[in-house]
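A structural walkthrough
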Amino acid sequence: MEHEALTLTVLAPAFTVCKVRDYSETDLTAEFTFTGRTDRELSLVCPTERTPRNTTAREDGWRGFRIEGQLDFGLTGILAGISAVLAAEKIGIFAVSTFDTDYVLVKAENLARATQALKAAGYAVEG
């Protein structure tokens, strides 16, 4: 897929990435609430103002880009292309995937630089 065919939208909320003891205090009906459960941890990405009290570790200060459109499972290299552009600028990412699309989070202090780098690489960035 060509960069020009991809549009990324900057999401309004600030995000927190955290670990929680359990999901009992997590508002699973809130927009932009991503959970991950493994044999070692319960992770949560949510708008900062909705971070539950029962976190065991957390990192605030993330902002997000949504890759617009429904991405076919057969597409390859979408996240690799975006992460390569940002890596070249020494910008770390936290990626979240859903059934339809991907989300790329960067630290808030890197949002403007990330937006500029993605635009320079041919991505359309809105918001």
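Whatever comes next refers back to the structure up there.
Residues numbered from 1 in each chain as written. Predicted model: local features only at pLDDT ≥ 70, side-chain atom pairs only at ≥ 80, totals over all residues. Heavy atoms only, no water.

**Overview of the overall build of the chain**
- A tally of regular secondary structure across the chain gives 2 helices and 8 strands.
- Across the chain, helices and strands are ordered from the amino to the carboxyl terminus as β-β-β-β-β-α-β-β-α-β.
- Across the chain, the fraction of contacts at a sequence separation of at least 24, relative to all contacts at a separation of at least 6, is 70%. (Helix = DSSP H or I, 4+ residues; strand = E, 2+ residues; numbered from the N terminus. Contact = heavy atoms within 4.5 Å.)

**Brief notes about helix α1 (residues 78-88)**
- Residues of α1 that are buried: Ile78, Gly81, Ile82, Val85 and Leu86. Down the axis of α1, the buried side of the element spans an arc of 125°, and every buried residue falls inside it.
- In this structure, the buried side of α1 is in contact with β1 (7-10), β5 (55-67), β7 (102-107) and α2 (111-120).
- Positive phi appears at Lys90, one or two residues downstream of α1, with a value of about 60°. (Buried < 20%, exposed > 50% of the residue type's maximum accessible area, 1.4 Å probe, protein only. Arc of directions from axis to C-beta.)

**So, the side chain of Asp102**
- Tracing the sequence through the fold places Asp102 in strand β7.
- Despite its burial, Asp102 pairs with no opposite charge; the closest candidate is Arg66, at 12 Å N-O.
- A distance of 2.6 Å separates a polar atom in the side chain of Asp102 from a polar atom in the side chain of Ser97. (Lys, Arg positive; Asp, Glu negative; His and termini not counted. Salt bridge = Lys/Arg side-chain N within 4 Å of Asp/Glu carboxyl O. Polar contact = N/O pair within 3.5 Å; in protein donor to acceptor, adjacent residues only side chain to side chain.)

Just distances and angles here, no functional claims.
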